[in-house]
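Structural overview
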Amino acid sequence: MQNRIDQLFAAKQHGVLNIYCTAGYPELNDTLPVMTALQQHGADLIELGMPFSDPLADGPVIQDSGTRALKNGMSVHTLFEQLAGFRERIYVPVILMGYLNPVLLYGVEAFVKKCAEAGVDGVILPDLPMAEYAAEYKTIFEQNNVHLIFLVTPETSDERIRQLDSLSRGFLYAVSSSSTTGKDKDMSHQQAYFERLQQLKLQNPVLIGFGIKDKTTFDTACRYTNGAIIGTAFIKALGEGKDIDSTVRTFIGAIKN
Amino acid sequence: MDIAIDTSKSRYHIDKNGYYGRFGGAYVPEMLFPNVDELQHKYMEVLSDPAFQQEFEALLRDYVGRPSPLYFAKRLSEKYQAKIFLKREDLNHTGAHKVNNTIGQILLAKRLGKKRIIAETGAGQHGVATATVCALMGMECVVYMGSIDIERQAPNVSRMKMLGATVVAATSGSQTLKDATNEAIRDWINNPVDTHYILGTAAGPHPYPDMVARLQSVISEEIRKQLLEKTGSELPDYVVACIGGGSNAAGAFFHYLDEEEVKLVAVEAGGKGVHSGHSAATTQLGKIGIIHASKTLLMQTEDGQITEPYSISAGLDYPGIGPMHAHLYETGRAMFLDATDDEALAAAYELCKLEGIIPAMESAHALAKLKDLPFNPDDVVVVCLSGRGDKDLNTYIRHMNK
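The rules behind each value
- Residues numbered from 1 in each chain as written.
- Chains lettered and ligands numbered in written order.
- Predicted model: local features only at pLDDT ≥ 70, side-chain atom pairs only at ≥ 80, totals over all residues.
- Heavy atoms only, no water.
- Buried < 20%, exposed > 50% of the residue type's maximum accessible area, 1.4 Å probe, protein only.
- Helix = DSSP H or I, 4+ residues; strand = E, 2+ residues; numbered from the N terminus.
- Pairing = 2+ DSSP bridges.
- Core = buried A, V, L, I, M, F, W, Y, C linked by side-chain atoms within 4.5 Å.
- Domains from an automatic or database assignment.
- Contact = heavy atoms within 4.5 Å.
- Buried area = accessible area lost by both parts, 1.4 Å probe.
- Salt bridge = Lys/Arg side-chain N within 4 Å of Asp/Glu carboxyl O.
- Polar contact = N/O pair within 3.5 Å; in protein donor to acceptor, adjacent residues only side chain to side chain.
- Phe/Tyr/Trp six-rings, centres within 6.5 Å; stacked < 30°, edge-to-face > 60°.
- 1 Å grid on protein atoms, 1.4 Å probe; cavity = no way out; pocket = protein on both sides within 12 Å on 5 of 7 lines; lining within 4 Å.
- Points joined across faces, edges and corners; volume = space filled by probe spheres on them.
- Nonpolar A, V, L, I, M, F, W, Y, C, P; charged D, E, K, R; others polar.
- pLDDT = per-residue confidence, 0-100.
- UniProt positions renumbered as here; feature names shortened; annotations may be inferred.
- Axes fitted to C-alpha atoms, helices over the stretch in contact; angles between N-to-C directions.

Moving on to the pairing of strand β4 (residues 83-88) of chain B. Residues and elements named next belong to chain B. The buried count for β4 comes to five of six residues, which makes it a mostly enclosed element. Relative to β4, strand β3 (residues 70-72) runs antiparallel, the two being bridged by three bridges. For Tyr71, the partnering residue across the bridge sits in β4 and is Leu86. In the sheet, β4 pairs with strand β14 (residues 380-385) via six bridges, with the strands oriented parallel. Looking across to β14, one finds that Leu86 is bridged to Val383.

Written out as structure tokens, the structure is:
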């Protein structure tokens, strides 16, 4: 079967909306209800965060959601238990985002096989070095048809962007500014970077993440690339909202309309 | 000076990719790649520059007070039936070995054109040493410290503030050293261009473990010269040092790593006992993984979440260990022991009474193992007395009458 991420971008090149949520947040068993609501109300892709005790790339909001999820009892094992059979209900592509340590301890090959078995389409591991992936793990991911998605930033050189693009599968994750998640940096300065990405004519679709929080920022990102990723703003809404379904409906409605 | 010595032939130093055996590397998110890449490409060039070495040496001499004495501890030697020397890092300006590294790194930061310095601190010793060199160089300084540590190390917080640093509370996670380090790394991600991160121990992404070890290697460089003068040989039988992340041990071991006849002893914090659930003995309790962007041994749950260690000494209260030390442990080049809180306290009181020196709680862990090592009377033993005990007076007073 063709990877669902590739299917998505084959069918839709513009305005792809990827929403990040933390597994096991706000409550342990909210993972699937949140995913179901995201799909129903129009998310094109779901990025599911695997909580970690020391998430270096994340700002306070996503960190706190991870801390809460861990307190709720979330773990890699529990997540795979929750995901067993989820493809009966969820058809949009799903990506797991997490940090390398828990995956190493689980065993990279076991982890990737489990992803394939559950129907997970891609993985983001921001602290996995490109060279180590190429030398040790690329074959495992490719054999299991699980895409590994790399990040680039405004500080990444053209040459390195090309290297990361050639190893990345599914799409390339363009971090909008040099920051942790959830920082409010002015996006107008990033125009040159977005244009640079356009001009590089990369092999992968590009989604912009970090700092995308509302319709304006989403639309700006979509002008330059295939779509954008929203994390912190959604976690905030989920933390403040009452019931999952109406929170998700309102949140996505405000971005798409 | 030998801080830029060629170590490419040694099996105990980093290889060309920044690994000690299977430990080390730079597991940084892409946002940090340019910063770490810049350091990787420039640190050896800077450390090898004679002008840098001259400036570093002059500050160590005139500002820090180096060389620190190698003191023959006569009464301690009588008690343990060996020739015991103390490397007096406690006599450095700011009271510990930490300043060797901060002096070196601030000079490096200047050469890289950085305007702003960030650091993490646990007990506050590295924070004070960083605030000190920032004052010296007129640079902006932000120190991250766990909010729990801010409460229990109030005097050092005041010192840092007096020296002009901004102390920022790390309120995430367990609110101690590990989280302060996370916050410092996040600050660096958010300020990639103008900021240098002065990491305080021989851990973190490559090149920090090697860079910090080299800047601390003045300790063993001096020991060799001083021992030659005092004993006729540069080589002792034992070098003993405490180890949290491992910067004083890295410095004390550095120029002895390839001298296999010198026994290297690293003493971890056993806390209330290695298997009590309240310990920081990483080699005993840890598994390989990634902490603070380095592949090394660390304490973690079955699910790969990093756990909170425990030690009476805030400076050893770290769930990982520098990658060099993980490699020394795995290859058997160094012997790893652990000292409990009680053993360390007893050793601290003993040093006070026998030698008139109040050691830091951390250094007392190294002293605590003198009783367990199988010395011959002629053995020459060097203990790295990494810091002084002023900062630990409250702890010492609290336990004195128990």
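Residues A:Leu38, A:Leu83, A:Leu96, A:Phe111, A:Phe171, A:Phe234 and B:Phe253 are the most contacted members of the largest nonpolar core, which totals 194 residues. Structurally, this core is a two-domain feature, drawing no fewer than three residues from each of domain 1 (19-62 + 98-212) and domain 2 (65-95 + 217-400) of chain B. Sequence-distant contacts of A:Leu96, defined by excluding residues within four places in its chain, comprise A:Leu48, A:Met50, A:Leu79, A:Phe80, A:Leu83, A:Phe111, A:Cys115, A:Val120, A:Gly122, A:Val123 and A:Ile124. Counting residues in hydrophobic clusters, the runner-up holds 28 residues, among them B:Tyr238, B:Val265, B:Ala339 and B:Leu351.

Turning to the interface of chain A and chain B, a few remarks are in order. Taken together, the contact between chain A and chain B spans 37 residues of the former and 31 residues of the latter. Interface area, chain A with chain B, both sides summed: about 2,800 Å², of which 55% is carbon and sulfur. Counting the surface chain A buries against chain B, the share from its top three residues, A:Leu56, A:Asn101 and A:Leu105, is 24%. On inspection of chain A and its partner chain B, the count reaches three salt bridges. For the salt bridge of B:Glu30 with A:Arg160, the shortest nitrogen-to-oxygen distance reads 2.7 Å. At the junction of chain A with chain B, the criterion picks out 18 residue pairs in polar contact (both at pLDDT 80 or more). Elements represented by at least two residues in the side of chain A that touches chain B include exactly α3 (60-72), α4 (76-83), α5 (100-106), β6 (151-152) and α8 (158-167) of chain A.

Residues and elements named next belong to chain B. By the definition in use, this model includes 43 salt bridges over all chains. Among the ionic pairs, Arg224 bridges to Glu259, the shortest N-O distance being 2.9 Å. On the criterion of sequence distance, the pair formed by Arg224 in helix α10 (residues 218-231) and Glu259 in the loop between α11 (247-253) and β10 (263-271) is long-range, its members being 35 residues apart. Since its relative accessible area comes to 16%, Arg224 is described here as buried. One network of salt bridges, with partners in common, ties together Asp49, Glu55, Lys110 and Arg111.

For the rest of this paragraph, the subject is the environment of A:Glu136. Of note, A:Glu136 is situated in helix α7 (residues 130-143). For A:Glu136 and A:Lys71, which are 65 residues apart along the polypeptide, the C-alpha to C-alpha distance reads 33 Å.

A few words now on unusual backbone geometry. A:Pro26 follows A:Tyr25 through a cis peptide bond whose omega is -5 degrees. Checked against the element boundaries, A:Pro26 lands in the loop between β1 (16-22) and α2 (31-40). For the bond running from B:Arg66 to B:Pro67, omega is 0 degrees, close enough to zero to count as cis. One can find B:Pro67 in the loop between α2 (50-64) and β3. Here A:Phe210, not a glycine, exhibits a phi torsion of approximately 75 degrees, which is positive. Mapping A:Phe210 onto the fold places it in the loop between β8 (206-209) and α10 (215-224). Owing to a relative accessible area of 9%, A:Phe210 belongs among the buried residues under this scheme.

Moving on, we come to the side chain of A:Thr78. Residues and elements named next belong to chain A. For Thr78, the position within the fold is in helix α4. Within the structure, the side chain of Thr78 is placed 2.9 Å from the side chain of Ser75, a separation counted as a polar contact. What Thr78 contacts, discounting residues up to four positions off in sequence, is Leu28 and Gly73.

All names here are of chain B. One pass over the full model with this rule turns up 19 aromatic pairs over all chains. Both rings, one in Phe72 and one in Phe85, keep their centres 5.3 Å apart while their planes meet at 55 degrees; by these two values the pair is tilted. Remark: Phe85 occurs in strand β4 and Phe72 occurs in strand β3; sequence separation between them is 13 residues. Accessibility expressed as a relative area gives 35% for Phe72, which makes it partly exposed. Judged by its relative accessible area of 5%, Phe85 is buried.

Let's shift gears to the layout of surface pockets. Rolled over the atoms, a probe with the dimensions of a water molecule shows which regions are left empty. Put simply, the largest pocket is a space of about 650 Å³. For the largest pocket, the lining is made up of 32 residues, of which A:Pro129, A:Met130, A:Ala131, B:Ala26 and B:Phe33 are closest to its centre. Counting only elements with at least two residues in the lining of the largest pocket, the list comes to α7 and α8 of chain A together with α1 (33-48) of chain B. By residue class, the composition of the lining of the largest pocket is 18 nonpolar, six polar and eight charged. Considered as a void within the structure, the second largest pocket measures approximately 420 Å³ in volume. Around the second largest pocket, the lining is made up of 25 residues, and of these B:Arg152, B:Gln153, B:Ile312, B:Thr395 and B:Arg398 lie nearest the centre. Sorting the residues of the lining of the second largest pocket by element identifies α7 (154-162), α15 (361-367) and α16 (393-400) of chain B as the ones contributing at least two each. The element contributing the most residues to the lining of the second largest pocket is α16(B), with five residues.

On average, residues of chain B score 96 in pLDDT, and 100% of them reach the 70 mark or higher. The ipTM value of the predicted complex is 0.95, and its pTM value is 0.96.

Residues and elements named next belong to chain B. Taking the UniProt record as the reference, the feature "modified residue: N6-(pyridoxal phosphate)lysine" (unreviewed entry) is found at Lys98. Looking at the element boundaries, Lys98 is found in helix α4 (residues 98-111). If near-sequence neighbours (up to four positions away) are discounted, Lys98 is found in contact with Gln125, His126, Ala129, Gly200, Thr201, Gln216 and Ser247.

Our focus in this paragraph is the sheet that holds strand β6 (residues 140-146) of chain B. Hydrogen bonds along the backbone pair up the strands of a sheet, which may run parallel or antiparallel. All names here are of chain B. Taken together, four strands build an open sheet; the order of strands is β7-β6-β5-β8 and the sheet is parallel. Only two strands of the sheet have a single partner each, and these edge strands are β7 (166-170) and β8 (195-197). Averaged over all adjacent pairs, the angle separating strand axes in this sheet is 25 degrees, with direction ignored. Sheet topology places strand β5 (residues 116-121) next to β8; three bridges connect them, and they run parallel. Residue pairing for β8: Ile117 is matched across the bridge by His196. Contacts from helix α8 (residues 177-190) reach β5, β6, β7 and β8, with the element oriented near 160 degrees to β5.

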